[in-house]
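Given next are the chains, with one letter for each unit.
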Amino acid sequence: MTSTRQAEAIISPIPELGELERRLPAEIRDHLGTLRERIARLDAANVLLHAQQQAAADENERLSAAVENMTDAYWAVDHDWRLTYINAAAERVWGREREELLGRNIWEAFPEVVGTPNYHAIHRAMARRSVEEFEDRSPALNRWVSGRAHPTAEGIAVHFQDISPRRAEEDRRRASEERYRTLFNSIDEGFCVIEVLFDADGKPTDYRFLEANPVFAAQTGLHDAIGKRAREIVPDLDERWYGIYGVVALSGTPVRFVEEAKAMDGRWFDVYAFRLGDAESRTVAALFTNITERKRTETVTARLTSIVENSRDAILSCAPDGTIIDWNRGAEALFGYSAAEAMGGDIMLLVPADRLQEPGLLFTRLQSGETLPASDAFLETVLLRKDGSEVNVEVRLSTIIDAAGEITGISAIARDITERKQLQRMQQDFMAMASHDLASPVTVLRARAQLMQRRQSYDQAAVTSIIEQTNRMERFIADLREVVQMEAGTLTLRRDHIDLVALVREAKERARIASSEHVIRIEEPADPFMACCDADRLGQVLDNLLGNALKYSASGSQVTLQVTTAGDAARVRVIDQGEGIAAESLPHLFERFFRGEQRESSGGLGLGLYITRMLIEAHGGEIWAESEPGKGSTFTFTLPLAAACPSTQVQG
C-alpha cells in the first residue's frame, strides 16, 4: 500500500506532466494509463483488506470474550500438548490459575488423567484430526465431566462441563427405577399399565397393554400381552371392564373393585386402578390380585354356613372349656335359647342334673385330644330345653382342630329323635298287639281243629268259629297291606262320578245288617249330588267310621249320618251317642298304631282310623273328630265335588 501511494504521489503533483503526457508517444501514454488504473485497484483492495483485518480482529475479540465468559470450561494445546489457552470456567473447575498452567504440558499438569477414557478420547482427536466426545468421571476433579475435543491449526481445543449434578440425578432416577423394577417384578400382586382407547363419541371401547410384571401372566393366564389390545386376546371380556377403566382414565379418580372375568375361565380379581399422568393422559395402572380361590372358598363357606344355619338339626360348638361359641337356628328351635342367649354360656346348661356324667366323660376324652371311634362319639341321650322340659336327642361329637393341630373346640350335632322314639314305642306296641291279636285267632283255630280231630266228627260251631277267626286275621292282614301301599305311594284309586247320597245309604244298609241293636238314621239333601271318588275305598271309609260308632255306642242308641255341602265340597258326618273320647287322645286318633284307652280292650292294630285318614287325603279331602267324654263323638270328612274326574289314579 505504501509503494502504491508513493508512486501516485510522484506522478500526480507534476502540473506540467499533462503537457508532457500529450507529447509522449501513444504507447507510453497507454502504459501510463494502465499504471494509474492498477494503482487505483490496489488502493481499493488495500482499503478492503484493512477492513477485513479489522473485522477479523473484532471477531477474534468477540470470540475470545465469548470463550472467556462461556460457562463450559475451555482449553487449548499445541501439537506438543502445551497449554496455550485456558478460560475462566476452566480455572474455576480446575481450581488453578492459568498463569500457573499456560505453557505446561497438560498431562504433566494433570498426571492422574493419563490412561482414562477422557485421555484416550482427546488423543484420538489429536491423532486423527477428528472431533471426539467423552463423558467419564475425572480423577483430577473427582467429578463427572462431559465434553468434546476438536482439532485446530495449532493443535486441539477442548471444552467440557461438570455434569455431576445431572449424573447424580440420573443415578438417583436409575436407582429409583431399579427399585421400582425390582418391586414391579417381585410383588405378589399382578400389575399392568394400559392405554384406554375411546371411540369418536368418547366411549371406552378397548385398551392396550403397555407394561406388565411377571405375575400378570400367572394370575391372568394372558401371555405375550404387551402391545396387544384386550379385545384381541380376550374377545368376550365383559364390557364393564372397559367402562371402569374408562372412568378412571377420564376422571383421574382411583377405583377399587372386585369383578369376575367370565371370559378368562371365570377368574375373580380384586383390582385397584389409577390414572398415570395429567388430565390428558389415558394411561391407567392396575394393581390386582387373583381371588378366584378365595371367591370359591367364600362360596363354599357361604353354602356350608347356609346349610349349617338352616339345618333342622341343632349344630353348635364350644371352646375346650365348654363355652358355647356357635349356635344355629336348629339349636334355637330345639332348645328354645336364641343365639344371643346361648353363646357365651356353658354347654352343660343343656344337660339334666342326673345325666352330667354321661356327656362329661366324652368331653373329657375329646379335650385330651383323643380321637374317638364313631361308636363312642355318638350317643342317644336326653337334654334340657329352656323351658325345663326334656327332649330325646341323638348327639354326634367331634373335635375342632386348627392348622397347627391344636384343639380349638368341640362341635356337636344334635337331632330331635322324639318322633323316632315314639315310633319305636309304637312299633313295640304294634309288635305286642300284633302278636296278641294274631295269636288269639290262631289259638282258637288250633283249639277248634284239635277238638274236631279228637271227636273225628264235623262240628258246625267249630267251623263257624274257624271262619270268624280267619276273617279276623284277613282284616288284620288287609289293614297292614293297605298301610304299606299308601305309605309307599302305590295305592290305586279308581275314581268316577259317584252319587254320594246313594253311597251313604249303601253303607247304612251294611251297618244295619251287621248290628240290629242300634238305630241308624240318615240326614240327606233332597237332591243327589256327585262326588269324584273311588266307590269301594269311600265305602271302606264309611264302614270303618260306622263300625266304630256302633262298637263304642250303647245298645239301642242312635247313630246319625249327615250329608251336606259346604261351598265346593261335600261334607259327611258320623255322629254317635257313645262314651266319647278323652281330649288328650283326639290329636292322635288318626296316627298309625294309635289306640285310645277306651279302645285298648277292643283289640285291633290301631290302623283303622289311620287308613281312613290316608284314604280321605288321597281323595283330596280332610277328616277330623270332635268329642267329649260321655257326650258321644262326631267324625267329619270332606270331599271335593265332581269336576274333571280321571278314572284311575295312583296315589303317590
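Predicted model only: the values in this text are computed from it and were never measured.

Criteria and thresholds
Residues numbered from 1 in each chain as written. Predicted model: local features only at pLDDT ≥ 70, side-chain atom pairs only at ≥ 80, totals over all residues. Heavy atoms only, no water. Helix = DSSP H or I, 4+ residues; strand = E, 2+ residues; numbered from the N terminus. Contact = heavy atoms within 4.5 Å. Areas by Shrake-Rupley, 256 points an atom, 1.4 Å probe, with all protein chains shown as cover. Core = buried A, V, L, I, M, F, W, Y, C linked by side-chain atoms within 4.5 Å. Buried < 20%, exposed > 50% of the residue type's maximum accessible area, 1.4 Å probe, protein only. Pairing = 2+ DSSP bridges. Axes fitted to C-alpha atoms, helices over the stretch in contact; angles between N-to-C directions. pLDDT = per-residue confidence, 0-100. Polar contact = N/O pair within 3.5 Å; in protein donor to acceptor, adjacent residues only side chain to side chain. Patch = residues over 30% accessible without salt bridge, like charges linked within 9 Å, V, L, I, M, F, W, Y side chains within 5 Å. Salt bridge = Lys/Arg side-chain N within 4 Å of Asp/Glu carboxyl O. Phe/Tyr/Trp six-rings, centres within 6.5 Å; stacked < 30°, edge-to-face > 60°. Left-handed = near helix turned anticlockwise from the far one by under 90°. Nonpolar A, V, L, I, M, F, W, Y, C, P; charged D, E, K, R; others polar. Expected span 1.5 Å × (residues − 1). Arc of directions from axis to C-beta.

**Brief notes about the overall build of the protein chain**
And then number 1: Assigned secondary structure in the protein chain consists of 20 helices and 24 strands.
And then number 2: Across the protein chain, contacts joining residues at least 24 apart in sequence account for 52% of those joining residues at least 6 apart.
And then number 3: For the protein chain, the accessible surface area stands at approximately 36800 Å², while carbon and sulfur atoms represent 52% of it.

**Side note on the nonpolar core**
And then number 1: Residues L500, L538, L545, F635 and F637 are the most contacted members of the largest nonpolar core, which totals 44 residues.
And then number 2: L500 has contacts with F529, A531, L538, V563, A570, V572 and L639, leaving out every residue within four places of it along the chain.
And then number 3: Core analysis: the second largest hydrophobic core is formed by 27 residues, V77, W81, L83 and I122 among them.

**Overview of the side chain of S138**
And then number 1: Here S138 lies in strand β3 (residues 132-138).
And then number 2: Those residues in contact with S138 that lie beyond four places of it in its chain are R143 and V145.

**Concerning the sheet that holds strand β14 (residues 390-401)**
And then number 1: Sheet architecture is open: 5 strands sit in the order β12-β11-β15-β14-β13, paired in antiparallel fashion. Two strands lie at the open edges of the sheet, namely β12 (324-327) and β13 (378-384), each paired on one side alone. Neighbour-to-neighbour, the strand axes of this sheet turn through a mean angle of 30 degrees, independent of strand direction.
And then number 2: Bridge count between β13 and β14: 7 bridges; the pairing is antiparallel. Bridging from a neighbouring strand, F378 pairs with R396 of β14.

**So, the confidence of the model for the protein chain**
Do not read the fine detail of predicted coordinates wherever pLDDT is low.
And then number 1: Averaged over the protein chain, the pLDDT score is 83; the fraction of residues at 70 or greater is 83%.
And then number 2: Model confidence for the protein chain, summarised as mean pLDDT per element, is weakest for helix α1 (residues 2-11) at 51 and strongest for helix α10 (residues 230-233) at 96.

**Examining the side chain of S553**
And then number 1: Tracing the chain through its elements places S553 in the loop between α19 (535-551) and β20 (558-566).
And then number 2: For S553, a relative accessible area of 9% corresponds to the buried category.
And then number 3: Only 2.5 Å separates the side chain of S553 from the backbone oxygen of A549, close enough to count as a polar contact.

**Some points on a nonpolar patch on the surface**
And then number 1: On the surface, a nonpolar cluster with roughly 260 Å² of combined accessible area is contributed by V300, L304 and I307.
And then number 2: Summarising the element assignment, I307 is placed in helix α12 (residues 292-310).

**As for the packing of aromatic side chains**
And then number 1: Tallying each qualifying case throughout the model produces 20 aromatic pairs.
And then number 2: Aromatic side chains Y207 and Y245 sit 5.2 Å apart centroid to centroid with 85 degrees between the ring planes, which places their arrangement in the edge-to-face category. Note that Y207 is positioned in strand β7 (residues 204-212) and Y245 in helix α11 (residues 239-251), a separation of 38 residues in sequence. For the pair Y207 and Y245, one class covers both residues: buried.
And then number 3: Look at W241 and F269: their rings are 6.2 Å apart centre to centre, the planes differ by 80 degrees, and that puts the pair in the edge-to-face class. Of this pair, W241 sits in helix α11 while F269 sits in strand β9 (residues 267-276), and the two are 28 residues apart along the sequence. The pair formed by W241 and F269 is uniform in burial state, with each residue classed as buried.

**Focus: the packing of α19 against helix α20 (residues 608-618)**
And then number 1: At a minimum axis distance of 10 Å, the contact between α19 and α20 shows a crossing angle of 145 degrees. Crossing handedness for the pair α19 and α20: left-handed. Across the interface between the two elements, R537, L538, Q540, V541, N544, L545 and N548 of α19 pack against G608, L609, I611, T612, L615 and I616 of α20.
And then number 2: The class makeup of the residues in the contact of α19 with α20 is 7 nonpolar, 5 polar and 1 charged.

**Considering the sheet that holds strand β23 (residues 633-640)**
And then number 1: The strand order across the open sheet built from 5 strands is β18-β20-β21-β23-β22, with neighbouring strands paired in mixed fashion. At either end of the open sheet lies a strand with only one pairing partner, and these are β18 (519-523) and β22 (622-627). If you compare each strand with its neighbour and ignore which way they point, the axes differ by 15 degrees on average.
And then number 2: Bridge count for β18 against β20 is 5 bridges, and the pairing is parallel. Paired with V519 across the strands is Q558, a residue of β20.
And then number 3: The strands touched by α19 are β18, β20, β21 (569-575), β22 and β23; relative to β23, the strand with the most contacts, the crossing angle is about 170 degrees.

**Topic: helix α7 (residues 117-128)**
And then number 1: In a regular helix each residue adds 1.5 Å, so 12 residues correspond to 16 Å; α7 covers 16 Å between its end C-alpha atoms and thus fits that length.
And then number 2: Among the residues of α7, N118, Y119, A121, I122, A125 and M126 are the ones counted as buried. Take α7 and look down its axis: the buried residues cluster within an arc of 165 degrees, on one side only. Facing away from the buried side of α7, by more than 90 degrees, are the exposed residues A127 and R128.
And then number 3: Residues of α7 that are buried sit in contact with β1 (73-78), α6 (106-109), β3, β4 (143-151) and β5 (155-162).
And then number 4: Immediately downstream of α7, the backbone of R129 shows phi near 55 degrees, a positive value.

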